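These are the residues of each chain, in order.
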Amino acid sequence: MTAYLGIPYAAAPFGPDRFREPRPPEPWDGVRDAVRFGPTAPKPGYPRPYDRLLPDPSIGGEDCLNLNVWTPGGEGLPVMVWIHGGAFRNGSGAVGVYDGANFARDGVVCVTINYRLGVEGFAHLPGAPANRGLRDQIAALAWVRDNIAAFGGDPARVTVFGESAGAMSVTTLLSLDLGLFHRAIAQSGAGNIAQTPDDALLVTEEMARRLGVEPTAEGFAALDPAAVIPVQAAVAAEVAALPDPGRWGATTASGGMSLQPVLDGDLLRRRPEDAIADGAGRGVDLLIGYTAEEFRLFLMPSGLAAVLTHDLVAAVADGMGVPPAVAAGYRDRHPELEAGELLAVLITDGLFRVPANRVADGHRGNRWMYEFGWRSPVHGLGACHALELGFVFDNLSAGTEEMAGPDAPQALADAMHGAWVRFAAEGDPGWTPFDPDARGVKVFDGAENPVVNDPRGDDRKLWTAG
């Protein structure tokens, strides 16, 4: 196995290239050093306790549009391209758990990429193209198409996969019919995102007001990214804590993320799940799923769950656009749950489980569904968001102990990692394809890993009734 790290796929997005579409990297003569991860995109650190739960290295430098390749050598091998998560404002291809060595060990060429984050990649700025972070991802996939054969990969056997914002990116790219990949895996993120331009501008204008600049590309370009990030982080925290459609716009509040892809009428013209339901991406095999208790990550370690009341749960649900009948139905169906636990169940379904089901229902090609159900024994996390990452990459010793504890089951990593490899190599993860009538879902829980009929299907039906 050989790793090639920090390879630029586009020019540094600074100076005259800041807030512009990615352009090809500057060529070089001779042999380039590729033994260290390249610079990461400008970003804030995670607040406590998430800085421990989600290690996120920052590496200085301007050439942040780079990627990493792990290859076993050979030729004609399946390729997997990883798009990291982080709410479109954190993360990189240099995170330890994303080390692709074990995919290479199993005959796959693994690629991890960086893309512009936060204001640099996703703020809607008059005078600049929208969705710059998505355009970076597309540029990275084009680099893979043009260059991966030199690393032993087959450009006709590319699987794009990602988690959280990375999975939202995967479904968005799927909806664009790019022809740059042939299989897709969306982990804990679906096609229910995309701000309207008007709502996105509300966020831009608020950040600009606090920074004392015009809400335009020219105004933000006058500031160093390091000066923008604290205000970006403060606005993001307010949007997440107070999903108020009156202040932030309905499409921002419903996802709880201040910065996300924008329906710009150019690159992105429709919500991804709607385009997919109308046939976009029909030629791409899709594996999509979620963790059983996604939202516990955001409520339990911080202690927020313990101070929530049912009245606050109702207010948060209303701000995120949850129909009142749905919220009432959850409380009636789960009277045994404390307020924080109820909110975790409700938002897990609203942001992750139900949207994943909608994409699976609508996709016209081959598709499979999974649920990650193994429960972490630490911090009250349960089967929370991002817990499956160490299992997918078969990297249970790569900084995952803080989330998974010291005794995470290797057999479950063998099963889940093996399924992802089979899907990339053969187009079949090893269980029955999803059918909207039978609704079979593979549950990775550390035991038998059965295929079951629509976990918590009665709760899912509340959303249709509501």
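Residues numbered from 1 in each chain as written. Predicted model: local features only at pLDDT ≥ 70, side-chain atom pairs only at ≥ 80, totals over all residues. Heavy atoms only, no water.

1. Things to note about helix H14 (residues 310-319)
We apply this condition: Think of it in three bands: with a 1.4 Å probe and only protein chains considered, a residue is buried below 20% of the maximum accessible area for its type, exposed above 50%, and partly exposed in between. Helix and strand definitions follow DSSP, with helices as H or I runs of at least four residues and strands as E runs of at least two, each counted in order from the N terminus. Note: the arc covers the axis-to-C-beta directions of the helix. Note on definitions: a residue-residue contact is assigned when non-hydrogen atoms from the two residues lie within 4.5 Å.
Among the residues making up H14, those that are buried are Val313, Ala317 and Gly319. Looking straight down H14, one finds that the buried residues subtend no more than 160 degrees of arc, so they occupy a single side. Exposed side chains of H14 directed beyond 90 degrees from the buried face belong to Asp311 and Asp318. Tucked inside the fold, the buried residues of H14 contact helix H9 (245-248), helix H10 (250-255), helix H15 (324-333) and helix H16 (339-362). Just downstream of H14, glycine 321 is the residue with a positive phi angle, here 85 degrees.

2. Thoughts on the environment of tryptophan 70
As for its placement among the helices and strands, tryptophan 70 is situated in strand E2 (residues 66-71). Through-space distance from the C-alpha of tryptophan 70 to that of alanine 360 is 30 Å; in sequence the pair is 290 residues apart.

3. A look at the pairing of strand E4 (residues 109-113)
Test applied: Paired strands, as defined in this entry, are two strands with at least two bridges between them according to DSSP.
For E4, the tally of buried residues reaches five of five residues, placing the bulk of the element in the interior. Side chains Val109, Val111 and Ile113 project from E4 onto one buried face, and the interleaved Cys110 and Thr112 project onto a second face that is buried too. For strand E3 (residues 77-83) and E4, the ladder comprises five bridges, and the chain directions are parallel. By the bridge assignment for E4, isoleucine 83 is matched with isoleucine 113.

4. With respect to the environment of aspartate 437
For aspartate 437, the position within the fold is in the loop between helix H19 (410-426) and strand E9 (440-444). Along the primary structure aspartate 437 and leucine 242 are separated by 195 residues, whereas in three dimensions their C-alpha atoms are 37 Å apart.

5. Let's talk about unusual backbone geometry
Arginine 48 connects to proline 49 through a cis peptide bond whose omega is 0 degrees. Its identity is not glycine, yet alanine 194 carries a phi of approximately 125 degrees, on the positive side. Note on placement: alanine 194 falls in the loop between strand E6 (183-187) and helix H6 (197-211). Notably, asparagine 449 is not glycine yet its phi reads approximately 50 degrees, a positive angle. As for its placement among the helices and strands, asparagine 449 is situated in the loop between E9 and strand E10 (451-453).

6. A word on the nonpolar core
Going by this rule: Here, nonpolar core means buried Ala, Val, Leu, Ile, Met, Phe, Trp, Tyr and Cys residues that are tied together by side-chain atoms lying within 4.5 Å of each other.
Judged by nonpolar contacts, the single largest core of 105 residues is most densely connected at Val69, Val111, Phe181, Met207, Phe220, Ile288 and Leu346. Each residue touching valine 111, except ones within four places of it in the same chain, is listed here: Leu67, Asn68, Val69, Val79, Met80, Val81, Trp82, Val144 and Ile148. Leu287, Leu297, Tyr370 and Val392 belong to the second-largest nonpolar core, a separate cluster that totals 41 residues.

7. Observations concerning the packing of H6 against helix H8 (residues 225-241)
Heads up, the rule is: Axis lines are fitted to C-alpha atoms, over the contacting stretch for helices. Their N-to-C directions set the angle, which ranges from 0 to 180 degrees. The labels follow the angle: roughly parallel below 35 degrees, roughly antiparallel above 145, roughly perpendicular from 65 to 115, and oblique for the rest. Crossing handedness: left-handed means the near helix sits turned counterclockwise from the far one by under a right angle, and right-handed means the same turn made clockwise. Throughout this entry, Asp, Glu, Lys and Arg are counted as charged residues, while Ala, Val, Leu, Ile, Met, Phe, Trp, Tyr, Cys and Pro are counted as nonpolar. The remaining residues, Gly among them, count as polar.
The geometry of H6 relative to H8 is characterised by a closest axis approach of 10 Å and an angle of 130 degrees between their N-to-C directions. As summarised for this structure, H6 and H8 are arranged oblique, according to the angle between their axes. In this structure, the crossing between H6 and H8 has a hand that is right-handed. Together, Val203, Glu206, Met207, Arg210 and Leu211 of H6 and Ala227, Val228, Val231, Gln232, Ala234, Val235 and Glu238 of H8 make up the contact between the two elements. Classifying every residue of the contact of H6 with H8 gives eight nonpolar, one polar and three charged.

8. Focus on the sheet that holds E6
With respect to topology, ten strands assemble into an open sheet ordered E1-E2-E4-E3-E5-E6-E7-E8-E9-E10, the strand pairing being mixed. Every interior strand has two partners, whereas the edge strands, strand E1 (2-8) and E10, have only one. With strand direction ignored, the average angle separating the axes of adjacent strands in the sheet is 25 degrees. The strands touched by helix H4 (residues 132-147) within the sheet are E1, E2, E3, E4 and strand E5 (153-163), with E3 carrying the most contacts at an inclination of about 165 degrees. Relative to the sheet, helix H5 (residues 165-174) contacts E3, E5, E6 and strand E7 (285-291), its axis offset from that of E5 by approximately 130 degrees.

9. Some points on the state of the cysteines
Where we set the bar: Working definition: a disulfide is two cysteine sulfur atoms within 2.5 Å of each other.
Applying the stated criterion to the full structure yields zero disulfides. Here cysteine 64 stays free of any disulfide, with the sulfur of cysteine 110 as its closest cysteine sulfur at 20 Å. Looking at cysteine 64, the relative accessible area reads 1%, which means it is buried. Taking the relative accessible area as the measure of exposure, cysteine 110 reaches 0% and is therefore buried.

10. Side note on the packing of H15 against H16
Helices that pack against each other are described as a pair by the angle of their axes relative to one another and the distance between those axes. Axis separation between H15 and H16 bottoms out at 10 Å; the angle between their running directions is 130 degrees. Accordingly, the angle class assigned to the pair H15 and H16 is oblique. Crossing handedness for the pair H15 and H16: right-handed. Where H15 abuts H16, its residues Val326, Ala327, Tyr330 and Arg331 lie against Leu342, Val345, Leu346 and Asp349. Here the residues of the contact of H15 with H16 sort into six nonpolar, no polar and two charged.

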